[in-house]
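# Observations on chain architecture
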Amino acid sequence: MSLKDSKLEKNLENLATSRLLVICVDRDNDVGEKAGVATPVVGRNACIEAAQKLALEDPEDADANSIFYAIKTYEDLARKGYQVEVIVVAGVGDRGVQADEKIVREVKSVLEKFSANGAVIVSDGEDDESVIPIIQNVIPIVSVQRVVMKVSRSVEYSYAVFGKYLKMIAYDSKYSKFFLGVPGILLLIGGIGTIFGYTQQIFAVLISILGGAFLIRAFDIDRAWAMWAKPTPAGLIRAFTVVTGAIIILASVLSGFSTIHTNILDPKILDSNIPNIIADRQTLGQFISGVLPFLWMGIGSIFGGILLSNWLKGSLRKITDVLRLIVLASLYPTIYQFTNILIYDESSFTLIPPFFAGLAITLVSATVLFRKYRKKRGGEVLTE
């Protein structure tokens, strides 16, 4: 008796049930897409026919062996006196949530006709076994049997993993656009630059593109933008306010320069007196006073867009959406007074009233929001 059979028999001895369902899982639906077999496949003869069709269409597919293994498990249990049935269930080619939902539906449909009180799962790898927790919510699982071909396991596993990742890089758009797209752009630009004799110049361009791609991927900028710019009312509002806010923030820099004395911006004076200009309190204060209104409007536009988009999605429970706007408004008087100190040489003590007023507004607002959005989950406050 093999180790797997002994473990299965031990589990069955500890189980106070006698009606078992042997389930062969084909999560990526090879039996349907390659052999044209509709699932669920119920019964020994129907499973043998499905396995034969799949083996004829693709002799290298491990799912055919899994079906035959499930049939063998079914026959072993039947000889031991159990009331048993064998089935093949399948998901969809893309796997994911739809595949898991389909597998659960098929198992439930079989249980309506054969009321088993225990299941034995047969699979050929970890991908199929990922549905075990879902099936377990429908029927108790007695044992999990993994089918391994009698070849060098380490070599087969390494080859399978390597082939899987190569396939993901080549055909999955989430990975191919970075692992193939970016190198493709670099090679294309490098080739064109070499043809026209701009080898040195093109090197700087390639390094810049590569660095930008690394930064975008490292900080999930592409995913964040894709999420914000989804063609939904909330996504479009968020994308619009982000772009508008960024433009207003850039305009604030121009507004800051416009408030400085025009002679300072003369190229001759600017080149020779940059350290003195930066160190001059009045000049710095004028620049900040010009930047401040537009900068705050730009940041407020971004925060307001996030708040409005979350409200449209029905997730306004996030108190940070409201609180960040309150903090932004509370900080404005303090920073505005700081510019007056720089420009008009006022006393630093004039910062105290706006600072404490802003602090009080922030604390009171935070307290009210926490109480309003508090959820009774063991006293935990949801602030996400």
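Residues numbered from 1 in each chain as written. Predicted model: local features only at pLDDT ≥ 70, side-chain atom pairs only at ≥ 80, totals over all residues. Heavy atoms only, no water.

Counted residue by residue, strand β4 (residues 118-123) has 6 buried out of 6 residues, so it is predominantly covered. Burial along β4 is two-sided: Gly118, Val120 and Val122 and Ala119, Ile121 and Ser123, pointing in opposite directions, are all buried. Pairing between strand β1 (residues 19-26) and β4: 5 bridges, direction parallel. When the bridges of β4 are listed, Leu20 appears paired with Gly118. Here β4 pairs with strand β5 (residues 141-146) via 5 bridges, running parallel. (Buried < 20%, exposed > 50% of the residue type's maximum accessible area, 1.4 Å probe, protein only. Helix = DSSP H or I, 4+ residues; strand = E, 2+ residues; numbered from the N terminus. Pairing = 2+ DSSP bridges.)

Turning next to the confidence of the model for the chain. Residues at a pLDDT of 70 or more form 78% of the chain, whose mean pLDDT is 78. Between residues 376-384, whose pLDDT stays under 50, and residues either more than four places distant or in other chains, the model counts 11 contacts. (pLDDT = per-residue confidence, 0-100. Contact = heavy atoms within 4.5 Å.)

Let us look at the pattern of salt bridges. Applying the stated criterion to the full structure yields 8 salt bridges. A salt bridge links Lys53 to Glu49; the nearest nitrogen and oxygen atoms lie 3.6 Å apart. Of the two residues, Lys53 and Glu49 both sit in helix α3 (residues 44-57), 4 residues apart, roughly one turn of that helix. Its relative accessible area of 44% is what places Glu49 among the partly exposed residues. (Salt bridge = Lys/Arg side-chain N within 4 Å of Asp/Glu carboxyl O.)

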